[in-house]
Amino acid sequence: MRKTSRALLAALSLAGPTTARAADLDYDFLRGPDYDPPVAVTAIDWSGVYVGGHGGYSTTSFNFGSAGQSDIAHILRTSTIQNEFDVSRWNTLRPGRAHDVSFGGFAGYNIQIDDAVFGIEVDYTNANQKARSEDSLTRNVTTKDNYFYDAFVHTAARATLEDYGTIRARAGYAYGQFLPFVTGGLAYGRALVGDTVNVATAQYTDSTRNTLVATLAQSGGSLKEKFALGGALGAGVDVSITQNVFLRAEYQYVWFSAFGDNKMNVNTVRGALGVKF
């Protein structure tokens, strides 16, 4: 009987630790790691037609160039002093600069190939950027026929870039909800340009200015609406808020050939809200 009891106790002592060790085993490796699966990123389809509105801040540089020269040349067209001394070119007008808010709208069409996005876009911007410049000069000159002249010329030029539009190609790369892009194309602008000139001359037969032969005092000028072609470059990023609504941040540089005697270029930083269809 005692031998049987000892055998039973020995069997229990061996089985107990084995059962405990089995209870302590971690079977999580059979179920896999304990973490959340990655959230699926919703693909944004940038293809199709879109429209929107933009607003920003623009800086316009004005190069008045030869503004007023044709008016002065017209006033002095029959004079010896103009033929010999080119009086119409005496004044030098400094460039002007204007800063102001700008706003407008845009529309476009995109084609998406994998993550590459290509398209075309047109936009309109109300600029209303204004600048002016003026200069005057007085000189005493002697012509080849030994007449002595006192001459005064004054030029005041002004210009307003009213508005402009562009048509541009776009290329971008879709990255999640972001679409960074670059643009390039043509621009067409409308400006109001004008100048006022004043010319006064006195002609003498002697260097002491005692014998006056003739005098001239005349004003002229013009104010005209002009149109010009140019180019446009830009870069920015569209950020999709929903499948159909996006925000935009963009930089755009626009330059124009010439509005009469005036050249202009515009730097704009702007934001936009658009809707895709």
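Use the structure listed above.
These remarks concern the structure in this document.

Rules used in this analysis
- Residues numbered from 1 in each chain as written.
- Predicted model: local features only at pLDDT ≥ 70, side-chain atom pairs only at ≥ 80, totals over all residues.
- Heavy atoms only, no water.
- Patch = residues over 30% accessible without salt bridge, like charges linked within 9 Å, V, L, I, M, F, W, Y side chains within 5 Å.
- Areas by Shrake-Rupley, 256 points an atom, 1.4 Å probe, with all protein chains shown as cover.
- Salt bridge = Lys/Arg side-chain N within 4 Å of Asp/Glu carboxyl O.
- Helix = DSSP H or I, 4+ residues; strand = E, 2+ residues; numbered from the N terminus.
- Phe/Tyr/Trp six-rings, centres within 6.5 Å; stacked < 30°, edge-to-face > 60°.
- Lys NZ or Arg CZ within 6 Å of the ring centre and 35° of its normal.

1. Comments concerning a nonpolar patch on the surface
Together, Val49, Val51, Tyr109, Ile111, Ile113, Phe118, Ile120, Val122, Ile167, Leu186, Val275 and Phe277 give the surface a local cluster of nonpolar side chains, amounting to about 1100 Å² of exposed area. Mapped by element, the contributors of at least two residues to the nonpolar patch are strand E1 (48–63), strand E2 (96–113) and strand E3 (116–142). Of note, phenylalanine 277 is situated in the segment after strand E8 (263–276).

2. Here's the deal with the packing of aromatic side chains
Within the structure shown, the criterion is met by 8 aromatic pairs. Geometrically, the ring pair formed by tyrosine 253 and tryptophan 255 is stacked, given 5.6 Å between the ring centres and 25° between the ring planes. Ring-pair connections join several aromatic residues into one group, and the members of that group are Trp46, Tyr50, Phe106 and Phe246. One Lys or Arg, arginine 248, reaches over the ring of phenylalanine 106 and ends 4.6 Å from the middle of that ring.

3. Focus on unusual backbone geometry
Within the chain, aspartate 114 stands out as a residue other than glycine whose phi angle is a positive 55°. Examined against the element boundaries, aspartate 114 turns out to sit in the loop between E2 and E3. Even without being glycine, asparagine 146 reaches a positive phi, approximately 65°. Assignment of secondary structure puts asparagine 146 in the loop between E3 and strand E4 (148–173).

Just geometry here; none of it tells us what the structure is for.
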